[in-house]
Amino acid sequence: MYQYDAIDQQLVEERVAQFRDQTRRYLNNELSEQEFLPLRLQNGLYVQRYAPMLRIAIPYGMLSSAQLRKLADISCRYDKSYGHFSTRQNLQLNWPKIEDVPDILAELAEVQMHAVQTSGNCIRNTTTDQYAGVISDETVDPRPYCELIRQWSTFHPEFAFLPRKFKIAVNATESSDRAATQVHDIGLHIKKNEAGEIGFKVIVGGGLGRTPMVGVTISEFTPRADLLTYLDAIIRVYNQQGRRDNKYKARIKILVKALGIEEFRKRVDAEWAHLKGKESTVPMSEFDRLAGFFSAPAYDNLTNYPEALTSKLASSAGFARWFERNTFEHKQAGYRIVTLTLKKAGQAPGDATAEQMQKAADLADKFSFGELRVSHEQNLVLADVRQEQLVDLWEAAKQAGFATPTLGLLTDMICCPGGDFCALANAKSIPIAAQIQETFNDLDYLYDLGNIDLNISGCMNACGHHHVGNLGILGVDKKGEEFYQISIGGASGHDASIGKILGPSFAQEEISSVIQKLMNVYVANRSEEERFIDTYRRVGITPFKEAAYAKAN
Amino acid sequence: MPKLIKNGEIVDNTYYWLQGAEQAATANSIVPAQKWLADKDSIGDIAGIWLEAGDGVEFLQDVDLKQFQVIGINFPAFTDGRGFSYARLLKERLNYQGEIRALGNFIPDQLGFLIRVGFNSFQFNEEVDLEKALALHKPFSIAYQGDVSEPRPLFLRR
């Protein structure tokens, strides 16, 4: 993974010093609340319902075991010994003290980490596929490009006070999009043109929140050398012309929609004409330099399906189940990608205790070259596990609570922290996740239902991506009471779509039984091997709606 | 005389920021760009113009900017970042060489970025302590991106 040089290190240390001074001035009343607010947000610090929340960047989800140990250690000494992995591959601490944050940042800097631009109206952490670099059907490894974008966006002097937050995600596979790129402000799809040159399909104006939209293509192919000048052009147009009168209409999607993609593209091209070929054009030497950080680890020459694996697959249904659900094909023979799920019943989705973080770091050292990734679905990934060691890893993962074999199934939910923590939330989301986990605890049944994305958000800000869940649950406030609206038919991959609202919202205790009714409709209507989303697309919303709102006889 | 920060020093503010369109312009006035556009044949000697957020810089494309000693850019709120792009475009696109002055509700913690996009003078709100503000002018000793004083990104210099 990327290693800081003296310059990168100096920049994060200077940021710590700057933030330390800003915090000091705020605590001395030299900086007003109103002035400190965007300054602290630009460094990931929110003031939440009960305590501040610090969002630590995990650039494009890459984490070393040493970094994860540091996070575990920080969570013990400055917080309540746990953290929450978010959908944008970051880690959130829910209980730090404001006056401790500069010290936390200084400790993060020791392991090349920071909280730069994890919030605020600026360019946020760039995200990508958690399987980057280890799958066979990838055009190229997206991580060097993510790092290029990270450096370009870090302390970009022109774009620190945009109309609204700005999120970029990168995908590099034709077959799938695990980074939900089409619901980002900019989605980048790495591809090769007919001449074999690397470039990007650029998608703009996707996003969730109050006005969910799937992005539209602004450029079919932008050569990689032009990436940064093209991004500068898009964001410069947005910075000047995006709405600033209403925060709910300030995202780039609203501008793109208002102008239409043709006109928006025309304006971006007019701006780009001045920037193209200028100094920010990326030379080959920089691509080579960055790619050098992501070269393959020292794989051994192995074969697929060694005896140690096949015999256990034959003898242990539990292991076979875990292997089928929670591991993924690796490009290197004899290796496998393993997801350590953070979806154990009784634990909030995406939460990890300090002990679990320590354990995951140990597992990474023992089984996966000391590196991990964080996924958009709020799980951890060991990318390079020898197949002959899978049984050992499974045993260890079970002990640590990482082996719930439900990856991609109904109970592998995406869930925001919700009203238990977040000041913005209208309703709690974690108890809904817990209720669903308790109700749907029969693995055979879950396997029979197959792949279903269920996403839960506690409010319209949609941190739990409810719009793009096959099933989405949104917390709403009805005269001071918490209710939940259910949507159906959303998707976040290459077939991205925004779910449709089923109808009037439900009380908290009704949710599981409604989900059960929806599952019954699916099971009754599906054809062989048909996924939930495909059945929905074929039969439409009506039978689901009828079942959900049918009066009991 | 009121003070301001200019080219890294605290100096006397010799210009007058003319905010209302109805006020008469003098040789040391910085007048609203829209007023100047409307009255430019009769307005006489002025120090320069100032842009409101939303004005953009396109209308200055065919204007001889050498006639202005100063171009001001107003920040209606410090979180309104349009002025960052305006300054950069004045400098890099329109090749304006004169003073670019930040006006309005920007704050000292923005100085570093404001300088990098081309501002060189800063007329803060009255309550700002200029000595303390000046100390914040360079939070970072190096930058990844190019900017108006060093157009080459770090990857060309690493």
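Per an unreviewed UniProt entry, chain A is named Sulfite reductase (NADPH) hemoprotein beta-component, and its organism is Marinomonas foliarum.

Student: What is the right way to look at the overall build of chain B in this model?
Tutor: Along chain B, the regular secondary structure elements total four helices and eight strands. Ordered by position from N to C terminus, the α and β elements of chain B give β-β-β-β-α-β-β-α-β-α-β-α. Over its C-alpha atoms chain B spans a radius of gyration of 16 Å, differing by no more than 12% from the 15 Å that the globule rule assigns to 158 residues. Each of the three principal axes of chain B carries a C-alpha extent, and together these read 50 × 35 × 25 Å. For chain B, the proportion of its 158 residues judged to be buried stands at 45%. Residue pairs in contact within chain B that sit at least 24 positions apart in sequence constitute 49% of those at least 6 positions apart.

Student: Mind showing me how you'd approach the overall build of chain A here?
Tutor: Across its full length, chain A holds 18 helices and 21 strands. Relative to the compact-globule value of 24 Å for 553 residues, chain A shows a C-alpha radius of gyration of 23 Å, a close match. With respect to the three principal axes, the spread of C-alpha positions in chain A is 65 × 60 × 55 Å. The buried share among the 553 residues of chain A stands at 55%. Taking contacts inside chain A between residues at least 6 apart in sequence as the whole, the part at least 24 apart equals 67%.

Student: Got a minute to help me understand the UniProt feature "domain: Nitrite/sulphite reductase 4Fe-4S" (unreviewed entry) in chain A in this structure?
Tutor: Residues and elements named next belong to chain A. UniProt records the feature "domain: Nitrite/sulphite reductase 4Fe-4S" (unreviewed entry) for residues 119-274 and 413-548 in the present numbering. Note that residues 119-274 is 31% helix and 18% strand, and that its end C-alpha atoms are spaced 30 Å apart. Within the segment residues 413-548, helix and strand shares are 35% and 19% respectively, and the terminal C-alpha atoms sit 20 Å apart.

Student: Looking at this structure, how should I read unusual backbone geometry?
Tutor: In terms of backbone geometry, most residues other than glycine have negative phi values and most peptide bonds are trans. All names here are of chain A. Positive phi is not limited to glycine here, since Tyr305 has a value of about 50 degrees. Topologically, Tyr305 is positioned in the loop between helix H9 (284-292) and helix H10 (307-315). Here Glu529, not a glycine, exhibits a phi torsion of approximately 65 degrees, which is positive. With respect to the helices and strands, the residue Glu529 is situated in the loop between helix H16 (511-525) and helix H17 (532-539).

Student: For this particular structure, what's the right way to read the sheet that holds strand S12 (residues 335-340) of chain A?
Tutor: Residue and element names in this part refer to chain A. Reading across from one edge, S3-S14-S15-S12-S11 is the order of the five strands in this open sheet, with antiparallel pairing throughout. In the strand order of this sheet, the two ends are held by strand S3 (62-64) and strand S11 (327-329), each with one partner. Between one strand axis and the next, the sheet turns by 35 degrees as a mean value, whatever way the strands run. Helix H3 (residues 65-78) contacts S3 and strand S14 (371-374) of the sheet and is inclined by roughly 85 degrees relative to S3.

Student: How should the sheet that holds strand S2 (residues 9-12) of chain B be read in this particular structure?
Tutor: Residues and elements named next belong to chain B. Strand order in the open sheet formed by eight strands is S2-S1-S8-S7-S6-S5-S4-S3, with mixed pairing between adjacent strands. Two strands close off the open sheet at either side, each with one partner strand: S2 and strand S3 (16-17). Here strand S4 (residues 29-32) pairs with strand S5 (residues 48-51) via three bridges, running parallel. When the sheet's bridge partners are listed, Val31 is paired in S5 with Ile49.

Student: Any chance you could explain helix H4 (residues 101-110) of chain A here in plain terms?
Tutor: Working note: α-helix, 3.6 residues per turn, so residues spaced by three or four point in the same direction. All names here are of chain A. Every buried residue of H4 is accounted for by Val101, Ile104, Leu105 and Leu108. Down the axis, H4 shows its buried residues gathered within 100 degrees of arc, on one side only. Of the residues one or two after H4, Gln112 is the one with positive phi, at around 60 degrees.

Student: Where do I start with the domain arrangement of chain A in this structure?
Tutor: It is common to give the size of an interface as the accessible area that goes away when the parts come together. Residues and elements named next belong to chain A. Each domain of chain A was delimited in the assignment, giving domain 1 (6-61 + 71-110), domain 2 (135-292), domain 3 (307-400) and domain 4 (414-549). Spacing between the C-alpha centres of domain 1 and domain 3 amounts to 30 Å. At the level of secondary structure, the elements contributing two or more residues to the side of domain 1 that touches domain 3 comprise H3 and strand S4 (82-85). Across the side of domain 1 that touches domain 3, the residue classes break down as six nonpolar, eight polar and no charged.

Student: In this structure, what is going on with the confidence of the model for chain B? I would like to understand it.
Tutor: Detailed reading of the predicted model is not advised wherever pLDDT is low. Summary statistics for chain B give a mean pLDDT of 96 and a share of 100% for residues scoring 70 or more. Confidence metrics for the complex model read pTM 0.95 and ipTM 0.98.

Student: Help me understand the packing of helix H6 (residues 227-241) of chain A against helix H8 (residues 261-275) of chain A, please; the structure alone is not making it clear to me.
Tutor: Geometry of a packed helix pair, given as the angle between the helix axes and the separation of the axes. Residue and element names in this part refer to chain A. Relative to each other, H6 and H8 sit at 130 degrees, their axes nearing to 8 Å. Taken together, the axes of H6 and H8 lie oblique to each other. In the crossing of H6 with H8, the sense of the turn from one axis to the other is right-handed. Here Thr229, Tyr230, Asp232, Ala233, Ile234, Arg236 and Val237 of H6 lie close against H8, whose contacting residues are Arg267, Val268, Glu271, Trp272 and Leu275. By residue class, the composition of the contact of H6 with H8 is seven nonpolar, one polar and four charged.

Student: Would you mind going over the interface of chain B and chain A with me for this structure?
Tutor: On the side of chain A, 29 residues touch chain B, which itself brings 29 residues to the contact. Here the side of chain B that touches chain A is built from residues that sort into 14 nonpolar, seven polar and eight charged.

Student: Where do I start with the packing of helix H1 (residues 6-27) of chain A against H4(A) in this structure?
Tutor: Residue and element names in this part refer to chain A. At a minimum axis distance of 9 Å, the contact between H1 and H4 shows a crossing angle of 175 degrees. Considering their axes alone, H1 and H4 lie roughly antiparallel with respect to each other. Between H1, through Val12, Glu13, Val16, Phe19, Arg20 and Thr23, and H4, the contact on the second element is made entirely by Val101, Pro102, Leu105, Ala106 and Ala109. Among the residues making up the contact of H1 with H4, the classes are represented as eight nonpolar, one polar and two charged.

Student: Help me understand the nonpolar core in this model?
Tutor: Formed by 203 residues in total, the largest nonpolar core has its most connected members in Ile56(A), Ile234(A), Ala360(A), Leu382(A), Leu518(A) and Ile71(B). No other element matches H6(A), which puts nine residues into this core. Sequence-distant contacts of Leu382(A), that is, excluding residues within four places in its chain, are made with Val338(A), Leu340(A), Leu363(A), Ala364(A), Phe367(A), Ser368(A) and Leu372(A).

Student: I would appreciate a short explanation of the pairing of S4(B) in the present structure.
Tutor: For a regular strand, the rule is simple: side chains alternate between the two faces of the sheet. Residues and elements named next belong to chain B. Judged from the two bridges that link them, S3 and S4 form a sheet pairing that is parallel. Among the inter-strand pairings, Tyr16 is bridged to a residue of S4, identified as Ser29. In this fold, S4 hands off to helix H1 (residues 33-39), which returns the chain to S5; that crossover is right-handed.

Student: In this structure, what is going on with the pairing of strand S9 (residues 198-204) of chain A? I would like to understand it.
Tutor: Residues and elements named next belong to chain A. Counting buried positions along S9 gives five out of seven residues, so the element sits mostly inside the fold. Pairing of strand S8 (residues 186-192) with S9, which is carried by seven bridges, proceeds in the antiparallel orientation. In the strand pairing of S9, Lys192 is matched with Ile198. A loop of five residues connects S8 with S9, the two strands running antiparallel in sequence, and Gly196 in this loop sits at a positive phi of about 85 degrees. Here S9 pairs with strand S10 (residues 216-223) via five bridges, running antiparallel. In the sheet register, Ile203 faces S10, and the bridge partner there is Thr217.

Student: Is there a simple way to explain the environment of Lys201(A) in this structure?
Tutor: Residue and element names in this part refer to chain A. Within the element layout of this structure, Lys201 appears in strand S9. Take Lys201: there are 17 C-beta atoms within 10 Å of it, and that puts it in the partly exposed class. Setting aside its immediate chain neighbours within four residues, Lys201 contacts His189, Lys191, Thr217, Ser219, Glu220 and Phe221.

Conventions we followed
Residues numbered from 1 in each chain as written. Chains lettered and ligands numbered in written order. Predicted model: local features only at pLDDT ≥ 70, side-chain atom pairs only at ≥ 80, totals over all residues. Helix = DSSP H or I, 4+ residues; strand = E, 2+ residues; numbered from the N terminus. Rg over C-alpha atoms; globule rule 2.2 N^0.38 Å. Buried ≥ 20, exposed ≤ 12 C-beta atoms within 10 Å, placed from the backbone. Contact = placed C-beta atoms within 7 Å. UniProt positions renumbered as here; feature names shortened; annotations may be inferred. Pairing = 2+ DSSP bridges. Axes fitted to C-alpha atoms, helices over the stretch in contact; angles between N-to-C directions. Arc of directions from axis to C-beta. Domains from an automatic or database assignment. Nonpolar A, V, L, I, M, F, W, Y, C, P; charged D, E, K, R; others polar. pLDDT = per-residue confidence, 0-100. Parallel < 35°, antiparallel > 145°, perpendicular 65-115°, else oblique. Left-handed = near helix turned anticlockwise from the far one by under 90°. Core = buried A, V, L, I, M, F, W, Y, C linked by C-beta atoms within 7 Å. Right-handed = clockwise from strand over helix to strand, strands pointing away.

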